[in-house]
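Residues per chain, in single letters:
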Amino acid sequence: MAISNKQSQTAESIQSWLINEFAERLELSQDEIDVNEPFDNYDLTSAETMILLGKLEKWLGIKLNPTLIFNYPTIAELGDRLAE
């Protein structure tokens, strides 16, 4: 079992964090972010995606594989996977 300096997050808390980050980066209200909308539909550049992933790694206290974004292409799917 991997040891992290932070406690485990729930799928809901991860999704909430992602919603907040997407809303801030895209200058939208949190209500405008659909957790089931594919990341591609939000028109994030690859650089923005990597920045987001880096912030998520820091927040979770773990190293993430960049392919997670492609394997779990929605906020809901990614949140569920990271909470496992």
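So, here is what we can say about the structure in this document.

Reading the values: rules and limits
- Residues numbered from 1 in each chain as written.
- Predicted model: local features only at pLDDT ≥ 70, side-chain atom pairs only at ≥ 80, totals over all residues.
- Heavy atoms only, no water.
- Helix = DSSP H or I, 4+ residues; strand = E, 2+ residues; numbered from the N terminus.
- Buried < 20%, exposed > 50% of the residue type's maximum accessible area, 1.4 Å probe, protein only.
- Core = buried A, V, L, I, M, F, W, Y, C linked by side-chain atoms within 4.5 Å.
- Contact = heavy atoms within 4.5 Å.
- Polar contact = N/O pair within 3.5 Å; in protein donor to acceptor, adjacent residues only side chain to side chain.

### Some words on unusual backbone geometry
- With a phi close to 55 degrees, Glu-27 is a non-glycine residue in the positive phi region.
- Mapped onto the elements, Glu-27 comes out in the loop between helix H1 (11-26) and helix H2 (46-60).
- Located in the positive-phi region is Asp-43, a residue other than glycine, with phi close to 55 degrees.
- Inspection of the secondary structure assignment puts Asp-43 in the loop between H1 and H2.
- What makes Asp-43 exposed here is its relative accessible area of 64%.

### Thoughts on the nonpolar core
- With 20 residues, the main nonpolar core has Leu-18, Phe-22, Leu-56, Leu-78 and Leu-82 as its most contacted residues.
- If one sorts the elements of this core by residue count, H1 sits on top with 6 residues.
- Those residues within four positions of Leu-82 in sequence are excluded, and the remaining contacts are Ile-14, Leu-56, Leu-60, Leu-64 and Leu-68.

### Concerning the environment of Tyr-42
- Here Tyr-42 shows up in the loop between H1 and H2.
- For Tyr-42, a relative accessible area of 11% gives the class buried.
- Sequence separation between Tyr-42 and Leu-78 is 36 residues; the distance between their C-alpha atoms is 15 Å.
- Once residues within four sequence positions are removed from consideration, Tyr-42 is found in contact with Phe-22, Leu-26, Glu-32, Ile-33, Asp-34 and Glu-37.
- From its side chain, Tyr-42 meets the backbone nitrogen of Asp-34 in a polar contact 2.7 Å long.

All quantities given are derived from atomic positions and should not be read as evidence of function.
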